[in-house]
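# Fold and contact review
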There are 4 protein chains.
Amino acid sequence: MTTTELKLAPTGPATLSSSATMKALVYHGPGKHVWEDRPRPTLQDPGDAIVRITTSTICGTDLHILKGDLAAVTDGRILGHEGIGVIEHVGPGVSEFHVGNRVIISCVTACLKCDFCRRGMYSHCRHGGWILGNTIDGTQAEYVRIPQADGSLYHFPSGGDEEAMVMLSDILPTGFECGVLNGHVKPGDTIAIVGAGPVGLAVLLTAQFYSPAAIFMIDLDEKRLAVAKQFGATTLINSSDGRAADRVMELTEGAGVDVVVEAVGLPATFAICQAIVAAGGHIANVGVHGKPVELHLEKLWDRNISLTTRLVDTVTTPMLLKVVLSGKLQPTKLVTHRFAMNDIMRAYETFGNAEKEGALKVILTNGGPQ
Amino acid sequence: MTTTELKLAPTGPATLSSSATMKALVYHGPGKHVWEDRPRPTLQDPGDAIVRITTSTICGTDLHILKGDLAAVTDGRILGHEGIGVIEHVGPGVSEFHVGNRVIISCVTACLKCDFCRRGMYSHCRHGGWILGNTIDGTQAEYVRIPQADGSLYHFPSGGDEEAMVMLSDILPTGFECGVLNGHVKPGDTIAIVGAGPVGLAVLLTAQFYSPAAIFMIDLDEKRLAVAKQFGATTLINSSDGRAADRVMELTEGAGVDVVVEAVGLPATFAICQAIVAAGGHIANVGVHGKPVELHLEKLWDRNISLTTRLVDTVTTPMLLKVVLSGKLQPTKLVTHRFAMNDIMRAYETFGNAEKEGALKVILTNGGPQ
Amino acid sequence: MTTTELKLAPTGPATLSSSATMKALVYHGPGKHVWEDRPRPTLQDPGDAIVRITTSTICGTDLHILKGDLAAVTDGRILGHEGIGVIEHVGPGVSEFHVGNRVIISCVTACLKCDFCRRGMYSHCRHGGWILGNTIDGTQAEYVRIPQADGSLYHFPSGGDEEAMVMLSDILPTGFECGVLNGHVKPGDTIAIVGAGPVGLAVLLTAQFYSPAAIFMIDLDEKRLAVAKQFGATTLINSSDGRAADRVMELTEGAGVDVVVEAVGLPATFAICQAIVAAGGHIANVGVHGKPVELHLEKLWDRNISLTTRLVDTVTTPMLLKVVLSGKLQPTKLVTHRFAMNDIMRAYETFGNAEKEGALKVILTNGGPQ
Amino acid sequence: MTTTELKLAPTGPATLSSSATMKALVYHGPGKHVWEDRPRPTLQDPGDAIVRITTSTICGTDLHILKGDLAAVTDGRILGHEGIGVIEHVGPGVSEFHVGNRVIISCVTACLKCDFCRRGMYSHCRHGGWILGNTIDGTQAEYVRIPQADGSLYHFPSGGDEEAMVMLSDILPTGFECGVLNGHVKPGDTIAIVGAGPVGLAVLLTAQFYSPAAIFMIDLDEKRLAVAKQFGATTLINSSDGRAADRVMELTEGAGVDVVVEAVGLPATFAICQAIVAAGGHIANVGVHGKPVELHLEKLWDRNISLTTRLVDTVTTPMLLKVVLSGKLQPTKLVTHRFAMNDIMRAYETFGNAEKEGALKVILTNGGPQ
């Protein structure tokens, strides 16, 4: 980006002195995260926006980062890639947003100009992708800098609900794009979702856009299965006895399912997917995998299946926004806990013990005057 | 665009004094166009680029403008929406192009940010679309200002040929997107193209990407049909006897054609399309129509056809670029005449008498030092 | 079909003597139809099945036939192309059905072997298509002969409801295939349906498989609009003031709708469709048209729209069956009146005065022992 | 099939006495195959046809059978699933073919009626699929019985060439459907084909229907690579040094290829595919695999790729036929050797030593009076 000669004259209130600070959740290596003072972000590029965060949430990926699973995340990084907020400053290259606009922050940063963005693969944007709370500072803070703001923010709709809208930052497009769209869910289909965590439940909610006839939800945890029932699953299968695949094959009279969505990320759950996909069916992988899996091509080579992988592109955010606003989807169903942002350490604890706490999504709110 | 506070410090050579002039082809109302002095364009918005034109061409649409058919084009407008050139200046919001880059100018201006651009409908861009040589000054000049440069320019490939590449500005994507893609041309298809002018020939060239088995070319002009033969048409049909549709039905044993592309824009040619489309087939309209047509729904309602319209989006330009570079498509076949840019009045005369002159595309070159 | 040498030894009870009779609704020219004695049908081809009708219904097309609008229907024809029944006899070429099977009769006869059937265009089957109650005797009778039985019947599902299943003969696949699939209805879309008769309502019901955000229903009749409201329409527009198109454009802030379905078949309703389709949108024609319409290509040529026509293919019947069985669609909502089959003359009267009677679909039942 | 009561009165010459014999290539367990006398086949079901074979060929799968790799193939089976011939007898359920018709035999038997056939998945037909020369007797003989003849035969086109047409039995649709269609080859794409055997070459030939810009052919054998060059490959990569993947990544500047087709069936070749597929790309598996492979989901989970498997459905045979007849594809390029059918033992030897003999497809002809 050739911006060296740019004299930034950003719109918005008087530029902050460099000494202005804020609170943020900072990663300090495996197992260490602190709610601490950090300098407030400032505009760096013409396409940047500075957003004051009003609502955020924690993602399962944040827990992976805390464990040290993601080498790209280094000491000092502010975590978080989901959020709602209000724009405080915009660079001169931003045309679609103005100071004072209330916005939904996408977990994926998109320049819209590169070859990948042109093809709708924002996740592989040559100037962005998933960088927020990963290779640049994120949203679990009072303020965040959003690069490529025109491609990475969405206008908060009038009449929208903040808790519902923050689900559009990541979890709903992830479930929908990686699971439902890639799985080609069709009216009348029999589908299975392996994993009833927040992402699997997002798949469950958004799969119903296409009216499948039967939805099998597979998980080890009875509580999560019970939630899935409330969310529209038609058959619950507890896989703790190792017979989940057999059970699906019995229920489908040996045919298997039209679509199976992997929403866990382990070899064992991927094995279930392979065992239950019908001839002509689809395996849509959503889970983040840390190891190779065994693919039984000796059984599948003549089964006419497709297997897809995808990092969420967030290209369907405008579509999802319309569906949420129409009332056909209530994403707030996913919210189980609420915390003030400065109580985020306790929020992480709750979310980190999701099974015990019955936690799905936890809402973080920056309350009161800043 | 909120750029009022932007202090432009554009990259590139010292900004031109406002008195710098250039030559351009200027429209002065129906029937009047003059090659005359005009001020050189300067940057107006952060996303602008100023391009020095090296090659341009004339489009059939330019002739329509000259006749006064397009009310949006007003006195004083520089015409032209096709061109190759070199960037002289870029605004601070341009990230993909730099001063000195050689570029292909797209006839469609795309912000890439609006809802239409996000859906790949650049033609309906809320900040652009077809504006060049229409509602803003165009490319039949020594210099042109290109707004939304990141979405409206393409890098000229090393090893590319300027005469070939200028066909990517408009005519090739128009033929390909509006005719071939919308017509769903498939291997083995029997297709018909109504109109063997430059656009119809562009359809003919790009339809062959998909290996149709038979291509019927329909036109009144034997010379153009002869060209079509050289370009790959398998059957030529001269429609001057009013029996073109009958002829197609005979040749297809009453079945009609899988795809028919309308590349003229008249009720009579559209009538041929309706008469020859097979059950289950496609009518892809490319022609610019000035009047309503009669649609025979009383015959077509149960024929399972599709009819499409489209203003070129130029979303396939990168794909077309690859195919041209691979040697599978030789767009220079379309070039019949070459002129120096300052001889453009004569070029218009030749192009305006296309039938007599045997003209398809005429190349305009800004030669020598500026 | 080369069956001359075939000695038919049909399965099923002893073949009927040629003197066996039945009651049937017979067309005797415009305005004349009689419930009268007719010979029972017998097997004629190896692929035939004889079905004893238990439930049938009347289609708007039957009213057109009665008016004399369909020249192909000649004096003496038994009407009706919808029905549920039980197989009494099958020819030796039938492999998928047996005597005693309860079946759904498709309005379209499909050989499955010809080029059109192979492409899923059963409506244009070279040995079938819509022939039942048209060019061969139909289902408004006690018995019917179904040619190409393997392609034209569907197994009645255990647990199915007869009144629901008879809607799969024609009206549901018609609404779904011609309106919803051809219209490419997507989650979050704003769609409009012009015409709230039975077919328009079938579009309305099946469009909801894809979770559109807004559904505008346009009709002249307040009672039908009220029904549409109950069926899921989000906005009702009474077009009697001639301002329906204006109203849609106001409601969509000038954008128009993503999908508009024409479910009437008149130039005036088709004109509404053209006026309200958004750039990039779809017009899906379902209505049966008797006259040409004016297509405003002078306005639409650059709007990137698609317009489709289709005679129902019934290829989606298996999919629809699954959705109905899953409980996501209640087609019995369409049933407003019920008659014994031998009271069919009165049923026609009611259906023929649909507006006054508030009639949508009328169910005909062959009751008691045959 | 309930045909017990059917009195077959087949069309055609007087039924053969049961003592009529023919010559056939019979499998007698691993490593043993003999050209020996066998009874001529007779009609068994109403949908059967008996075809006198004029031309056949040998498939790589036949070699697998000879090795004993396919447990389903038992002692006494006549091999072969490809062929051209003339119909001698047809059952009464056959409507599309008559005695004396010259036909192309599809390797896949399709009833056209079951749920899989309705979806175009003939390979999984509930009454057929790949059974010829597998679970029923095949085409390497003087006569063959073809069940479900209407779905399993295609009319030999007038003007067709027998050697070209026999490639439509299996190898061309296999390459096209499993490799090219599943791989979504598009104009301008960079594609790679791993394996330059007959199937890989069929992929190479049919991929060119879609005008990819670059085709990398990867194989261990220089002779096959040289053939690939003649067939249209743009880059040859000899993988014998284990650096094929590195080479592809260098050539694509680290991007990888849009489509990679696996046409071998080994873990090592599948590993190459995974290593070179671009983000957003497709791996289309064609190879027959005998063992599981390692799938690197830890690298691929966020790469937005698709992986497909498919047993050829032969649904594209009509399309391929049109393309061959149009002259755009010369499948006889694949023919390297020709034998009389009764010299088939020698043909197997040649084909079994393909590398040494430079063999691709070997043609077998039943010549002279039978």
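Residues numbered from 1 in each chain as written. Chains lettered and ligands numbered in written order. Predicted model: local features only at pLDDT ≥ 70, side-chain atom pairs only at ≥ 80, totals over all residues. Heavy atoms only, no water.

Below, the discussion takes up the sheet that holds strand E1 (residues 21–27) of chain A. Residue and element names in this part refer to chain A. Judged by pairing direction, the sheet is antiparallel, and its three strands sit side by side in the order E2-E1-E4 without closing on themselves. The open sheet terminates on both sides in strands that have one partner only, identified here as strand E2 (33–39) and strand E4 (77–78). Of the strand pairs in this sheet, E1 and E4 are connected by two bridges, and their pairing is antiparallel. By the bridge assignment, Tyr27 is partnered in E4 with Arg77. Here helix H12 (residues 344–352) sits on the sheet in contact with E1 and E2, set at roughly 145 degrees to E2. (Pairing = 2+ DSSP bridges. Helix = DSSP H or I, 4+ residues; strand = E, 2+ residues; numbered from the N terminus. Contact = heavy atoms within 4.5 Å. Axes fitted to C-alpha atoms, helices over the stretch in contact; angles between N-to-C directions.)

What links the strands of a sheet is backbone hydrogen bonding, and the strands pair in either a parallel or an antiparallel sense. All names here are of chain B. As summarised here, the arrangement of the three strands in space is E2-E1-E4, forming an open sheet in which the pairing is antiparallel. On the outer flanks of this sheet lie strand E2 (33–39) and strand E4 (77–78), each paired with one strand and no other. Of the pairings in the sheet, the one linking strand E1 (residues 21–27) to E2 comprises seven bridges and is antiparallel in character. For Val26, the partnering residue across the bridge sits in E2 and is Val34. Strands E1 and E2 of the sheet are contacted by helix H12 (residues 344–352), whose axis makes an angle of about 145 degrees with E2.

The next subject is the interface of chain A and chain D. Contacts between the two partners involve 34 residues from chain A and, on the opposite side, 34 residues from chain D. Roughly 2900 Å² of surface becomes buried between chain A and chain D when both sides are summed, with 61% attributable to carbon and sulfur atoms. Our count for the contact surface shared by chain A and chain D stands at zero salt bridges. When contributions to the side of chain A that touches chain D are tallied by element, the ones reaching two or more residues are strand E13 (277–285), strand E14 (293–295), helix H10 (297–300) and strand E15 (306–308) of chain A. In the side of chain A that touches chain D, the residues fall into 14 nonpolar, 12 polar and eight charged. Pairing geometry for E14(A) and strand E14 (residues 293–295) of chain D, over three bridges, is antiparallel. When the bridges of E14(D) are listed, A:Val293 appears paired with D:Leu295. (Buried area = accessible area lost by both parts, 1.4 Å probe. Salt bridge = Lys/Arg side-chain N within 4 Å of Asp/Glu carboxyl O. Nonpolar A, V, L, I, M, F, W, Y, C, P; charged D, E, K, R; others polar.)

A few words now on the packing of helix H1 (residues 60–67) of chain D against helix H12 (residues 344–352) of chain D. All names here are of chain D. Axis separation between H1 and H12 bottoms out at 11 Å; the angle between their running directions is 100 degrees. Classified by the interaxial angle, the pair formed by H1 and H12 is roughly perpendicular. Residues Gly60, Asp62, Leu63 and Leu66 of H1 touch H12, and the partners they reach there are Tyr348, Phe351 and Gly352. Grouping the constituent residues of the contact of H1 with H12 by class yields four nonpolar, two polar and one charged. (Parallel < 35°, antiparallel > 145°, perpendicular 65-115°, else oblique.)

When chain A is brought onto chain D, the operation consists of a screw motion whose angular component is 180 degrees and whose axial shift is 0.0 Å, with 0.0 Å RMSD remaining. Taken together, these values place the two copies in the relation of a two-fold axis. Comparing interface residues between copies, 100% of those in chain A also lie at the interface in chain D; the contact surface is shared. (Least-squares fit on C-alpha atoms with pLDDT ≥ 70 in both.)

The next point concerns the pattern of salt bridges. Inspection of the entire model under this criterion finds 72 salt bridges over all chains. The salt bridge partner of B:Asp37 is B:Lys23, with a shortest N-O separation of 3.4 Å. Here B:Asp37 is found in strand E2, whereas its partner B:Lys23 is found in strand E1, with 14 residues between them in sequence. Take B:Asp37: its relative accessible area is 48%, and that puts it in the partly exposed class. Salt bridges sharing partners connect three or more residues here, namely A:Arg243, A:Asp246, A:Arg247 and A:Glu250. (Buried < 20%, exposed > 50% of the residue type's maximum accessible area, 1.4 Å probe, protein only.)

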